[in-house]
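The chain contents come next:
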Amino acid sequence: MAKKKTEKAEKKSPFVPVEEQPYQVPRNWCWVTVESINHYSGGSVDPAAMPDDTFELYSVPSSANDFPEIVTGVEIGSSKQTVMEGDVLLCKINPRINRVWMVSKYTENILLASSEWIVVRNEQIDSRYLMYCFRSQFFREYMLSNVSGVGGSLMRAQPKFVKGYPVPVAPLAEQQRIVDRIESLFAKLDEAKEKAQEALESFEARKVSILRKAFSGELTGTFPSFPNHNKALEDVCFSIYDGDHMPPPKSDTGIAFLVISDINTGHLSFEKARYVPEEYYNSLTDTRKPQKGDVLYTLVGSYGIAVLVDSDRPFCFQRHMALLKPNNEEILSQYLWYILQSHDVFEQATDIATGTAQLTVPIKGLRKVRISVPYLEEQTEIVRILDNFFAKEAEAKAKVEATLESIDTMKKSILAKAFRGELGTSNPEDESAEELLKRTLA
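Owing to the predicted nature of the structure, the values given are computational and were not obtained by experimental measurement.

K.L.:
Sorry, what's going on with the pattern of salt bridges here?
P.N.:
A pair can form between side chains of opposite charge whenever their charged atoms are brought close. Counting across every chain of the model gives 16 salt bridges. For E393, the salt bridge goes to R206, with nearest N and O atoms at 3.1 Å. Of the two residues, E393 sits in helix α12 (residues 376-418) while R206 sits in helix α6 (residues 172-214), which places them 187 residues apart along the sequence. Measuring nitrogen to oxygen at the nearest pair gives 3.4 Å for the salt bridge that ties D242 to R288. Taken as a pair, D242 in strand β14 (residues 237-242) and R288 in the loop between α8 (278-283) and β17 (295-298) lie far apart in primary sequence, 46 residues in all. Residues D242 and R288 agree in their burial class; the two are buried. What emerges from the salt-bridge pattern is a single network uniting D126, R128 and E183.

Rendered as structure tokens:
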């Protein structure tokens, strides 16, 4: 019986049965498993044994820059896999992130890859074809189908399952045509994406510029220039207090308790808010109970985020924020909100921030931050101009972001079509991929 099992294992076909194929491909293509085309035999190097040697290291973090680390053995902490030019790397960590890389060999140093990569090697199949295939949506779904770990960076694709995943293989000439077509289309999309990203960056530059003009008196040409109304925040607010320093009790229901992540978009978000008992909220002083028209200002880490309270919903907040209650006889809520977003206020906050690993703006120092405060009539006009400006900017920004999303969608569509033989590059006269693979296996 043992002999029969061995013979059966040896005769196992590399080709995926028709009933297990994910979808139909052109007649001269074929479906195989990752294992059947992977000729990588493994091998490792302990760089610590060669501390002065230089290595070309394909680490997971460096894949984000599409360039390996050039490091000495003493800088590498553990043994690594040996790889060669043309190897395709599939990342095991959190397969939701589409990390597939190809070893390119930029130096004459030994090529290494971290153990978090599954290495696929086949010198008879175009490496770029495999790389793009592994990046396509159908294969990413397989990568997510069998994982270990809870989620995020703890999630791992399991090599024992990956080796059984199906791969569509086109004839060699078709592989090269597909790669050329993909890269031609992607180059045009990348150019469009670069322009869209430049446009996004310009929004921030325009925001800084318009706020500078607004609070230097340049924006309201019909009004006289600012009088000498440079005041401290505490002079135009009834109170400025950070959140309660005592850890709040937790509750499944009750009053929303917001942290910095709930406002870091510049707006209130109750979607992921935690809750505290209503009794805790009632015990807080009015200076720590936000009301519509108040302004929140972050103090720790991502300090400098200003959020206008535009909801009547009661909530409380963590001590890493400050609550400013404006005196509307001195300053409009919207004007205070806008000026707290200005570069001048951010620089003042930076000057008084303390700490090393995480900078913190002290509440006493925030109260002394000085701002320009014109007459209410001019504040009203400044707010009107800024409201109109940012409404148009938001509309334009939404269009740019939609463009970026559509570019990513188009890339996924191109890859889906490419590995179905639908890019218009197929030639039925090409030699069957099955024959190519049979010779390779032989």
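From this point, things continue past the structure.
K.L.:
Teacher, can you tell me more about the nonpolar core here?
P.N.:
By size, the foremost hydrophobic cluster in this structure holds 46 residues, and its most contacted members are L90, F134, F139, V167, I182 and F419. With near-sequence residues (within four places) excluded, L90 lies in contact with R99, V100, E116, W117, I118, V120, F134, F139, R140, M143 and V162.

K.L.:
Teacher, can you tell me more about unusual backbone geometry here?
P.N.:
With glycine set apart, most residues show a phi of negative sign, and most peptide bonds adopt trans. For N94, which is not glycine, the phi torsion reads 40° and is therefore positive. As for its position among the elements, N94 is in the loop between β6 (88-91) and β7 (100-102). Even without glycine at this site, K105 takes up a positive phi of about 65°. Along the chain, the position of K105 falls in the loop between β7 and β8 (110-113). We classify K105 as partly exposed; its relative accessible area is 30%.

K.L.:
Looking at this structure, how should I read the environment of S36?
P.N.:
Of note, S36 is situated in helix α2 (residues 34-37). For S36, a relative accessible area of 16% translates into the label buried.

K.L.:
Explain the sheet that holds β8 to me, please; I cannot follow it from the model alone.
P.N.:
The strands that make up a sheet pair up through hydrogen bonds in the backbone, lying either parallel or antiparallel. Here we have five strands laid out as an open sheet, ordered β2-β5-β8-β3-β4, and mixed in their pairing. Every other strand in the sheet has two partners, leaving β2 (44-45) and β4 (69-72) as the edge strands with one partner each. Pairing geometry for strand β3 (residues 54-58) and β4, over four bridges, is antiparallel. Within β4, the position partnered with F55 by the bridge is V71.

Rules behind the numbers
- Residues numbered from 1 in each chain as written.
- Predicted model: local features only at pLDDT ≥ 70, side-chain atom pairs only at ≥ 80, totals over all residues.
- Heavy atoms only, no water.
- Salt bridge = Lys/Arg side-chain N within 4 Å of Asp/Glu carboxyl O.
- Helix = DSSP H or I, 4+ residues; strand = E, 2+ residues; numbered from the N terminus.
- Buried < 20%, exposed > 50% of the residue type's maximum accessible area, 1.4 Å probe, protein only.
- Core = buried A, V, L, I, M, F, W, Y, C linked by side-chain atoms within 4.5 Å.
- Contact = heavy atoms within 4.5 Å.
- Pairing = 2+ DSSP bridges.

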